[in-house]
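# Residue-level structural notes
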Amino acid sequence: MLKNYLTSVWRYISRNKTFTVINVLGLAIGMTACLLIAQFVVHEYSYDKFLDHNDRIFRVQLDRYNKGELSTRWASGCVGIGPDLKANFPEVERYVRLKKSDALLAHGDAFFKEENVFYSSADFFQLFSIPLIAGVDSLVLKDPYTMVISRSLAKKYFGDENPVGKSMRNNGRVEYVITGMFEDIPETSHMKIDALLSFATYAVLTGRASEAELDQWQWDGFLTYIMLSENARASELEAKLPTFVEQREGEELKRWEAGMIFQLQPISDIHLDSNFIGEFKPNGDRNTVKFLSVVAVLIILIAWINYINLSTAKSIERAREVGVRKVMGGFRFQLVQQFLFESLLLNSVAVGLAIALVALLTHWFSQLTARPIDLTLLQEPMFWVWSLLMILGGSLLAGLYPAFVLSGFRPVEVLKGRFKNTGQGVLFRKGMVIAQFMASIALIVGTFTVYQQINFMRTQRLGVSIDQTLVLRSPNIVDSTYQSKFEAFKQQVLQYPEVATVCASSSVPGRSPDWNAGGIRRLSQREDEANQYRVIMMDHDFVQAYGIELAAGRSFSGEVAGETGTVMLNESGARQMGFTNLEDAINEQINFWGDTFRIVGVVRDYRQESLKKSYEPLVFRYSPAPGGFYSIKLNTGTVRESMVRFESLWKEFFPGNPFNFFFLDDHYNQQYQADQQFGSVFGVFSGLAIFIACLGLFGLSSLTAIQRTKEIGIRKVLGASVPGILRLVSKDYLALMAIADVLAVPVAWWTMHAWLQGFASKITLTWWIFALPSLVVMLVAFATVSAQIIKAAMVNPVQSLRYE
């Protein structure tokens, strides 16, 4: 029986090579897309799953409220919450708190600016199951001036030597003894840590006798993780926290009309659900994963629909085969088995081809998604289980309907030549075509909307000039002469003809200001009228250098006495402070953490961060030499040729500090990198969906041309023109495209409207955003159909009438 099935399938394939290739190619491309997206989805959901007891580890996330409105959302919340939870709730087994260090590590002559160095409490390696290569987990971070480094950092500074017992300097001042070394934290972690300094050191450096004195609830910037006991429920603990907050800080919060809400984030959800202040690194997005999962399902469904359509559309050609088999004694269940076997074989070939394509394309896909995706998925037993399910599921879904249709033909009618396609069958195929193109149009509209939104964000007026700007990170190692050195460095750089302006600031556009200050108010206001602001330190050249427009008053001046006692606001900050007329803010005095400052100017709102965020109320404080960043505004495009001179000058003024720089326009646009990657991935797979749908349409139109060969010949004999025949045959397909478009547009509008809600500044979903992609899809579909119809219409009518 199996040999008979194989012989039958081989004969069918050899006689229908074009349609077999279309079927297999469509299935293979669909499965390849599905498997590639599956790799991405599996990778995104795998974050932090490698940790032991990951279901018991939670991060304490803090939302702060001001006057009843949500003001800030912290991944790195207040310093005191960890020890307080451990002391007051028995279900909290242990906690760890982390604080980022602005680190310049050095050993011998090697020194580097390190971005991933944190102070950590002693239980880090007991809470997180990161393997220690050397050292005891409970002791390595117990004492002041101790540190633990990763394997890769040890290699960077010590080569093949054992680093344990050796010392490193941080910022040229503090000496640390290395007490342990840990394996590099996997990429599939929301954390990025290269070195840990003991939290006991941080307590000493901030003037505390011990870590226990770091118990404040109004000092943010500390990541806190807790491990719950085995039978504890996070939801029950979280429900107790509002009462605990009221008992601990209720009076203080009422005084400032403020609020605090703590939430427990499961560690395995952080990568996909967290985008708060103080994250280790940019996280993923659950909606993106869901979007791409839907795309994967749609693509594979489109491929299976192609198979169903082409198989049932060729039913006339296979009708005689079925009739003969039934006359010779074949039963219906045997015919169903034969056609399901055929579907199983073609799906198996398609899956095999898809796996080969996945192996070839994984590196490219990893670059496209900016994720470290490799072929390890192919080594997972579950991958092969899902591949087998795809073969079996695809064989049933794509083969069951054609099998029952083909096996149900009546032999008498078929062999007498009175068989024709049923109305129900034709209607079903039309419905499948509509479903295919409805999905394709919705995907293309989505891709077009994503690209329009990204282009909108990148081309909008920012209110600040970021072009031709080289940014240097200010030195970590400084002394009492720093201000005079900076001024001398600045004057030297200004001597270069390609340099227009130099300024210094604690933050630059494209970065969230690190300083979030509450309790700021006008002197004439009550304490409960104070608000929270983001604070940026700047020198007197910052506003002019960045082309920020003044709305009222003046900018900072380096020639006015007492300028360190002045501040500036942006428009949002002035409005939050109660000034309806911006001129009224000038010379008003404010209380800033107990000190009095005078407002000298108000600047127009500008985009400190991306257009995904609203304007934030900002306070600018003056400093003649603030630490953080030096911005060099250039007036030439040959900046890279000047870097050698800048670096030489840097080493002269700030020895022992690495020369780290970036170009501000590149840095600013990195905020849109995740959206651009999403748009690229979405676009590629939407294009594949269109290709697969058109592949099926190509097959159907080819079959239509073959089945209507005699009709076309007769029409030509009677005087029909090629355009007339094209119009006659293609109108049915165009009608299906129009119906698909009408159904797809509302779905696309609803989906993309929901996606755009994540942006503070966004495009309007105008009619042409839907019309243009729809028109493109219809033109591509029309071209696909026309190619086959014109080819059939150009055949000599004599040959057409002799067909069959």
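Residues numbered from 1 in each chain as written. Predicted model: local features only at pLDDT ≥ 70, side-chain atom pairs only at ≥ 80, totals over all residues. Heavy atoms only, no water.

Let us now look at the overall build of the chain. Within the chain, the regular secondary structure consists of 24 helices and 25 strands. Here the analysis covers contacts within the chain between residues at least 6 apart in sequence; of these, 80% occur between residues at least 24 apart. Carbon and sulfur atoms make up 56% of the accessible area of the chain, which totals about 35900 Å². (Helix = DSSP H or I, 4+ residues; strand = E, 2+ residues; numbered from the N terminus. Contact = heavy atoms within 4.5 Å. Areas by Shrake-Rupley, 256 points an atom, 1.4 Å probe, with all protein chains shown as cover.)

Turning next to unusual backbone geometry. Positioned with a positive phi, Ala 370 is a non-glycine residue whose angle comes to about 55°. With respect to the element layout, Ala 370 can be found in the loop between α11 (332–369) and α12 (381–407). Given the relative accessible area of 37%, Ala 370 is considered partly exposed. Not every positive phi belongs to a glycine, and Trp 593 is a case in point at roughly 55°. Its place among the elements puts Trp 593 in the loop between β21 (589–592) and β22 (595–603). (Buried < 20%, exposed > 50% of the residue type's maximum accessible area, 1.4 Å probe, protein only.)

Bringing the packing of aromatic side chains into the picture now. A full pass over the atoms with the stated rule returns 47 aromatic pairs. Pairing Phe 291 with Phe 678 gives two aromatic rings, centres 5.8 Å apart and planes at 55°, and the pair type is tilted. One end of the pair, Phe 291, is in helix α9 (residues 286–313); the other, Phe 678, is in helix α20 (residues 673–707), and 387 residues separate them in sequence. Both residues of the pair, Phe 291 and Phe 678, belong to the buried class. Here the aromatic cluster, defined as three or more aromatic residues joined through ring pairs, consists of Tyr 482, Phe 486, Phe 489, Tyr 630, Trp 650, Phe 653, Phe 654, Phe 659, Phe 661 and Phe 663. The ring of Tyr 496 carries Arg 645 above its face, with NZ or CZ at 4.5 Å from the centroid. (Phe/Tyr/Trp six-rings, centres within 6.5 Å; stacked < 30°, edge-to-face > 60°. Lys NZ or Arg CZ within 6 Å of the ring centre and 35° of its normal.)

All right, on to the pairing of strand β24 (residues 629–634) then. Of all the six residues making up β24, six are buried; the element is thus mostly covered by neighbouring parts of the structure. Burial along β24 is two-sided: Phe 629, Ser 631 and Lys 633 and Tyr 630, Ile 632 and Leu 634, pointing in opposite directions, are all buried. For strand β15 (residues 469–473) and β24, the ladder comprises five bridges, and the chain directions are antiparallel. Bridge assignment links Val 471 to a residue of β24, and that residue is Ser 631. (Pairing = 2+ DSSP bridges.)

Turning next to the environment of Ser 524. Mapped onto the elements of the fold, Ser 524 is located in the loop between β17 (515–522) and β18 (531–538). Taking the relative accessible area as the measure of exposure, Ser 524 reaches 59% and is therefore exposed. In sequence terms Ser 524 and Glu 588 are 64 residues apart; their C-alpha atoms lie 9.2 Å from each other.

This part covers the nonpolar core. A general trend in soluble globular proteins is that nonpolar side chains are found buried together. Phe 437, Tyr 546, Phe 620 and Phe 685 are the most contacted members of the largest nonpolar core, which totals 113 residues. When sequence neighbours within four positions are dropped, the list of residues in contact with Phe 685 reads Ala 33, Leu 36, Ile 37, Val 295, Ile 299 and Phe 365. Judged by nonpolar contacts, the second largest core, of 26 residues, contains Leu 127, Val 148, Ile 193 and Phe 280. (Core = buried A, V, L, I, M, F, W, Y, C linked by side-chain atoms within 4.5 Å.)

On to the pattern of salt bridges, then. Opposite charge on two side chains allows them to pair when their charged atoms are near. Within the structure shown, the criterion is met by 38 salt bridges. The residue Arg 233 makes a salt bridge to Glu 236 at a minimum N-O spacing of 3.9 Å. Residue Glu 236 is classed as partly exposed on the basis of its relative accessible area, which comes to 45%. Here the salt bridges share partners, and the residues they tie into one network are Arg 56, Glu 93, Arg 94 and Asp 123. (Salt bridge = Lys/Arg side-chain N within 4 Å of Asp/Glu carboxyl O.)

Taken together, Trp 767, Trp 768, Leu 772, Leu 775, Val 776, Leu 779 and Val 780 make up a surface patch of nonpolar side chains, about 700 Å² in accessible area. Tracing the backbone through its elements, the reader meets Val 776 in helix α23 (residues 767–793). With a relative accessible area of 44%, Val 776 lands in the partly exposed category. (Patch = residues over 30% accessible without salt bridge, like charges linked within 9 Å, V, L, I, M, F, W, Y side chains within 5 Å.)

Counting through the fold element by element, Ala 103 comes out in strand β5 (residues 103–107). For Ala 103, a relative accessible area of 0% puts it in the buried group. Here the alpha-carbon distance between Ala 103 and Asn 116, two residues 13 residues apart in the chain, equals 8.3 Å. Here Ala 103 is in contact with Phe 112, Lys 113, Glu 114, Val 117, Asn 170, Asn 171 and Asn 476, once residues within four sequence places are set aside.

Attention shifts here to the pairing of β22. One ladder, built from three bridges, connects strand β19 (residues 550–553) with β22; its direction is antiparallel. Note on β22: the bridge partner recorded for Leu 550 is Val 603. Relative to β22, strand β20 (residues 566–570) is paired through five bridges, and the arrangement is parallel. What sits directly across from Asn 570, in β22, is Val 603. Sheet analysis places β21 next to β22, joined by four bridges and oriented antiparallel. Bridged to Asn 591 within β22 is Thr 596. Counting the residues in the hairpin turn of β21 and β22 gives two residues, including Trp 593, whose phi is positive at 55°.

Contact geometry for helix α22 (residues 722–756) and α23: axes closest at 9 Å, N-to-C directions at 155°. As the angle between them shows, α22 and α23 are arranged roughly antiparallel. When the axes of α22 and α23 are compared, the crossing they make is right-handed. Its residues assigned to classes, the contact of α22 with α23 comprises 19 nonpolar, three polar and one charged. (Axes fitted to C-alpha atoms, helices over the stretch in contact; angles between N-to-C directions. Parallel < 35°, antiparallel > 145°, perpendicular 65-115°, else oblique. Left-handed = near helix turned anticlockwise from the far one by under 90°. Nonpolar A, V, L, I, M, F, W, Y, C, P; charged D, E, K, R; others polar.)

Since the α-helix turns once every 3.6 residues, residues separated by three or four places project in the same direction. All of the buried residues along helix α5 (residues 151–158) are Leu 153, Ala 154, Tyr 157 and Phe 158. Down the axis of α5, the smallest arc covering the buried residues is 100°, so these residues share one side. Each element contacted by the buried residues of α5 is listed here: β5, β6 (110–114), β9 (146–150), β10 (167–170), β11 (174–182) and β12 (195–198). Once α5 finishes, Gly 159 follows within two positions and takes phi at roughly 65°, a positive value. (Arc of directions from axis to C-beta.)

The residue Gln 61 is located in strand β1 (residues 57–66) in this model. Relative accessible area serves as the criterion here: at 1%, Gln 61 is assigned to the buried category. Separated by 2.6 Å, the side chains of Gln 61 and Asp 63 make a polar contact. (Polar contact = N/O pair within 3.5 Å; in protein donor to acceptor, adjacent residues only side chain to side chain.)

Next up on the list: the side chain of Ser 101. Residue placement: Ser 101 occurs in the loop between β4 (92–100) and β5. We classify Ser 101 as buried; its relative accessible area is 5%. In contact with Ser 101, not counting residues within four places along its chain, are Glu 114, Val 117, Phe 118, Tyr 119, Asn 170 and Leu 197.

Attention shifts here to the environment of Met 191. By secondary structure assignment, the location of Met 191 is in the loop between β11 and β12. Separated by 92 residues in the primary sequence, Met 191 and Asn 283 place their C-alpha atoms 9.9 Å from one another. Apart from residues lying up to four places away in sequence, Met 191 is in contact with Phe 124, Phe 128, Ile 185, Tyr 225, Phe 280 and Lys 281.

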